[in-house]
Structure formats: C-alpha cells, structure tokens
Amino acid sequence: MANADPKSVQPEGSLFINGGFVAGAGAALPVIYPATGQVVAELAEADGGQVDAALAAAVEAQKAWAALPGVERGRVLRRAADIIRARNAELSRIETMDTGKPLQETLVADPTSAADALEYFGGQAAMLGGDHIQLGRDWAYTIREPLGVCVGIGAWNYPMQIAAWKSAPALACGNAMVFKPSETTPLTALALAEIYREAGLPDGVFNVVQGRGEVGAALVNDPRVAKVSLTGSVPTGRKVYAAAAEGMRHVTMELGGKSPILVFDDADLEDAVSGAINGNFYASGQVCSNGTRVFVQSGLMDAFLERLKARLEAGIVAGDPLDEAVNYGPMVSNAQRQIVLGYVEKGLAEGARLITGGKAMDREGFYVEPTVFADVTDDMTIAREEIFGPVMSVLSFETEEEGIARANATEFGLSGAVFTADLTRGHRVAAALECGSAWINAYNLTPVEVPFGGSKMSGVGRENGPRAIENFSQLKTVYVGMGPVEAAY
Ligand code: NDP
C-alpha cells in the first residue's frame, strides 16, 4: 500500500500545554495507519505532572480570556476556521492516516465540519448576554458567565470534529479547555491547538494532553474542572458522569446508539437504500448515530434487499484511503476489527441470514466487508448491542404502530429515521421516535446549526445549535433594589 510516509504526520510534540508543544513524559503512544498496520507517528502520554500543568495553564489563562469582549474571542475562532479551510487537504490527510477513513470522506466531513463549528460559535461570541427583568420599582438582570475550565474527551471516529464541536462553544463563552483525544487518534487535536495559536488564541486557553482512560479520569476528577464534555461509549459515559457528579461538575455526554431506520412500503426505494447505506457504511460504520436497525415494511423487503446488495457489491471501492477514488476504508484498529467480526459470528450463530459481506477483507490493514444481515429479530445480539462497524441488521415489520414500538424498544436513544412518501406519517413517526435526532427521508445529516445529542442512555445535553451555549455557560442573577429598603422591624 502506498503513500504512508512514517514521518509525515509526526507532530512537534505529543502534548500542547500553555501555547507550546511538549514531549509526553508517560507511556509510548504509537499512531498506527489502519490501512497497513504501519506505525506513522510516535507519541507519548502525559504523566500526572503534565496533566496538572495543563490544568494550571487553563486556570491561569481563563479569566483574561473571559474578560475580552466577545467580538474579539469570536474573531480568533473565525480566524482559526479560515486557517483550517486553507489547510483542509493537509489536515484531511492527517485525519485519514490517524483514523483510516478515506480521504474522499475526510476532505468533506472532518476539518470542514470543525471549521463550520468555529465559524458558527465565533459568530455567536459577540451576541452572548443575559436578560433584563423589570420587577415594578426594582429590576434584575442576568449575566451570562463562563463555567471556567472545561475538559473535553473525544472518541476516535471524528477526532478533529469532536475537538472543535467541544472547544468552539466552550471558548466562545470565555472558558478554557483541556482536551484529551482518544488514545487511538491523537493527531488532529494537536493540529487544532497549533491553529488556534496561529489565530491568536492566548497561551493556555486550549491545551491537549494524551493518554488512555486514566488520563481522562485524572482530568474528570480534578477539583479545578467545572465541566466535562465526553464523546464515547455508554459504559465510559456512566463512569465519567458518576465521577463528575462527585464534584458537582456540569456534563455533556455524547454516547453510543443502536438507532432505527423505518422504511415504509411507500418510500422511494433508492432514497431508502441510500439512507441505509449512508447510515451504516460511511466511515466503515464507525458513526455513533448510525441506523443499524433497518426496519423494512414487509411489502418492500425483497426489493429493498435486492437493491441494497446490488448497490453495495457494485459501489464499494475498498483500498488505500489516501487514494481519492477509494470510498471504503478499514476499521480504526485491529482490536475494533476483532470486535466487529465477533458480532458477525454471533449474527450467524443466532440465525440471521447473511445477505452480503461477513468477512475480514483479504488485504493488509483492518478491513471488514460491508455486511448486511436479513431476518434479524429484536432479541438477537446484533440487533441489541452497538457494534460500531459496518454491520447492518434488517428487520421486517407490518404496521406503523408495531414499527415504532420495536424501534423504541432499546436503552439507546441517539437517532432515528423514517422513509415514507406520506407527509403526515413522516412527522408522526419522527415525533414518536425516542431519540435526540430524527430524520425524515434523510440520514446522518448533522450541520452545526442544529442541536445534536442523545436521549435515554445515549446522552445528556446537546452539542451544536444556539442552545449549546447554555451547556458551556451559566447565568448569574443580579437583583437591583431601587430603595428604600423595607424591613419588618
Ligand atoms: P470510549 O468510551 O472507549 O472512549 C471515549 C473516550 O473516553 C476516550 O478518549 C477514552 O480514552 C476516554 N476514557 C475511557 N475511560 C475513561 C475514564 N474512566 N475517564 C475518562 N475518560 C475515559 O469510546 P471509543 O473511543 O471507543 O468511541 C466509540 C464510542 O463513542 C461509541 O460508543 C460511539 O457511539 C461513541 N460516539 C458517540 C458520539 C456522539 O456524538 N454521540 C460520536 C462519536 C462516537 P482512551 O480511548 O484513550 O481509552
């Protein structure tokens, strides 16, 4: 496989603390190109002293940053967005080598969505404020204040997007941040830190530390931290939420899912198949909001499976993710590939019917074939657990009521979709789905202008949209007595 020059994505240092790169003093953290298994960068984790230094830098920097007029904070974010757009090709290449996602995807979905967030929240920074409340003679007003030092912890599927979705609203509100990327994908958060510096962000306002779960835990447990925003799995979310509660810290939890797509008999067949493909195989299935339970009304089932199989088998171009003609990459790691293959075995053992795929690809790297199972029942493991890989379960249903009830019969509540030509049914089903984001005749579109997040076990709070500001700020009430002061005695 070509192009994976080992030195080409090596950052200047593993950590970014107080405005500069620093070598990690902890355990080695090799970065592996998932398409070849080759080590492409050598990083090291932060040790305890470096975690402490990052937090101390954030505490030191935060007050002066918050004291700037919002328009100035916003200008820094928008400048950073411009730099990201100018460097999209280079940043996308780093993201591809870190995650294995095809360059065809990262060029349009990763640094660009980070830039969107910086533009959006950069634009809002100047407009943050409170309210005036007239109380007869007296009056009150509210001041929107930052929370202080926020911690961001990321998953490995959208490393740069996650770093930006968390830091953009945090910084817009006048907070400082210490960010820990996933140990599997440590590179683009460092690139973002460097870009913030170039855009004029004061030292210490955005810091990056590397490490496994223990480094994340050290951050979450630190009394200097006011807020934790995690993107990760439900089990990690549970631990982090509990630890944050100990210190009464604010949280945003963006967790996993097992989202449903309901395809009705009257749906446009090609659109429904496109939605199911986008919701299962983009990023080789490593997307939290994927619609991995595809409920197809029985009248459309045969046609749906036939078109899905034909389009997958003709359309997938697997290969070197750095080749822009390739549209399908490997899993992020060998460990993740093994997890996915384990689920495929369970699907077969529990009696699901394999329509296509089902094996590791016969090539170097961590590739798994796009896999579709039909005749899946609600109790099968592949229909209940998040796989986080390219495995679609297709289930049959008869009535709208039944479809909705079965779609909602899960502890997860991240996303969901309905494909139908019936306008009122589309809205009715979207309203009935227990999830944070529902799409009608579309899937997995998450522009920064609209809130994103989960209900039930899939999360707490929302990212993006105007209300994300409320997750990174708090209101102080000031009551103004216009006198005289009355007293009972
Ligand atoms: P994990 O839950 O394994 O890890 C998430 C992050 O938390 C990583 O940086 C991890 O570090 C860190 N971490 C692990 N243990 C702790 C701890 N005790 N305290 C603090 N931090 C800790 O998720 P993955 O990285 O495997 O990502 C996949 C998951 O993320 C899936 O469930 C997916 O659905 C979800 N996700 C949700 C999204 C959403 O917006 N709702 C978007 C993207 C993914 P390390 O990796 O170094 O161990």
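Residues numbered from 1 in each chain as written. Predicted model: local features only at pLDDT ≥ 70, side-chain atom pairs only at ≥ 80, totals over all residues. Heavy atoms only, no water.

The protein chain appears in an unreviewed UniProt entry as Betaine-aldehyde dehydrogenase from Harenicola maris. UniProt, in its Sequence similarities (unreviewed entry) section for the protein chain, records the words "Belongs to the aldehyde dehydrogenase family." (UniProt positions renumbered as here; feature names shortened; annotations may be inferred.)

(A) Highlighting the environment of A421. Locating A421 in the fold gives a position in the loop between β17 (415-419) and α15 (423-432). When the C-alpha positions of A421 and I440 are compared, they lie 9.7 Å apart, and in sequence the two are 19 residues distant. When residues no more than four places from it in sequence are discounted, the contact partners of A421 are D266 and A267. (Helix = DSSP H or I, 4+ residues; strand = E, 2+ residues; numbered from the N terminus. Contact = heavy atoms within 4.5 Å.)

(B) Here's a closer look at the sheet that holds strand β20 (residues 473-480). If you trace the three strands from one edge of the open sheet to the other, you get β5-β6-β20, paired in antiparallel fashion. Strands at the two margins of the open sheet, each flanked by one partner only, are β5 (132-135) and β20. Shown here is a sheet whose adjacent strand axes are inclined to one another by a mean of 20°, direction ignored. Bridge count for β5 against strand β6 (residues 138-146) is four bridges, and the pairing is antiparallel. (Pairing = 2+ DSSP bridges. Axes fitted to C-alpha atoms, helices over the stretch in contact; angles between N-to-C directions.)

(C) Layout of the packing of helix α2 (residues 70-86) against helix α5 (residues 111-124). For the pair α2 and α5, interaxial distance at closest approach is 8 Å and the crossing angle is 160°. For the element pair α2 / α5, the angle class is roughly antiparallel. In the packing of α2 onto α5, the handedness of the crossing is left-handed. Residues G74, L77, R78, A80, A81, I84 and R85 of α2 form the contact with α5, whose participating residues are P111, T112, A114, A115, D116, L118, E119, F121, G122 and G123. Taken together, the residues that form the contact of α2 with α5 break down as nine nonpolar, four polar and four charged. (Parallel < 35°, antiparallel > 145°, perpendicular 65-115°, else oblique. Left-handed = near helix turned anticlockwise from the far one by under 90°. Nonpolar A, V, L, I, M, F, W, Y, C, P; charged D, E, K, R; others polar.)

(D) How the structure looks around the site of the ligand. Near the ligand, the surroundings consist of 28 residues, among which G154, S233, T236, L255 and E386 are the closest. Here an oxygen atom of the ligand sits 2.7 Å away from a polar atom, N or O, in the main chain of G154. Between the ligand and A217 there is a distance of 3.4 Å, counted from a nitrogen atom to a backbone nitrogen or oxygen. Protein contacts shield 87% of the accessible area of the ligand, which totals 900 Å² for the unbound molecule. Of all elements in the fold, only α8 (213-220), β10 (225-231) and α9 (234-246) reach the threshold of two or more residues within the shell around the ligand. Here the shell around the ligand gets three residues from one element, more than from any other, and that element is α8. Across the shell around the ligand, the residue classes tally to twelve nonpolar, eleven polar and five charged. (Near = heavy atom within 4 Å. Polar contact = N/O pair within 3.5 Å; in protein donor to acceptor, adjacent residues only side chain to side chain. Areas by Shrake-Rupley, 256 points an atom, 1.4 Å probe, with all protein chains shown as cover.)

(E) Representation of unusual backbone geometry in the model. Here the bond from G483 into P484 is cis, since omega is -5°, no more than 30 degrees from zero. Examined against the element boundaries, P484 turns out to sit in the segment after β20. Its identity as a non-glycine residue notwithstanding, K456 has a phi of 50°, on the positive side. Among the secondary structure elements, K456 is positioned in the loop between β18 (437-440) and β19 (459-460). Phi at N464 is positive, roughly 70°, even though this residue is not glycine.

(F) Representation of the packing of α5 against helix α6 (residues 159-172) in the model. Axis separation between α5 and α6 bottoms out at 8 Å; the angle between their running directions is 10°. Comparing the axis directions of α5 and α6 gives the class roughly parallel. Contact residues: P111, S113, A114, A117, L118 and F121 in α5; M160, Q161, A164, W165, A168, P169 and A172 in α6. Taken together, the residues of the contact of α5 with α6 break down into eleven nonpolar, two polar and no charged.

(G) Examining the packing of aromatic side chains more closely. Using the criterion set out here, one finds nine aromatic pairs in the structure. Here the aromatic rings of F264 and F397 are separated by 5.2 Å at their centres, their planes lie at 85°, and the arrangement is edge-to-face. In this pair, F264 sits in the loop between β12 (260-263) and α10 (269-281) while F397 sits in strand β16 (residues 391-397), placing the two residues 133 residues apart along the sequence. Pairwise contacts between aromatic rings join F179, Y196 and F206 into one cluster. One residue, R363, lies across the ring of Y367, its end atom 5.0 Å from the ring centre. (Phe/Tyr/Trp six-rings, centres within 6.5 Å; stacked < 30°, edge-to-face > 60°. Lys NZ or Arg CZ within 6 Å of the ring centre and 35° of its normal.)

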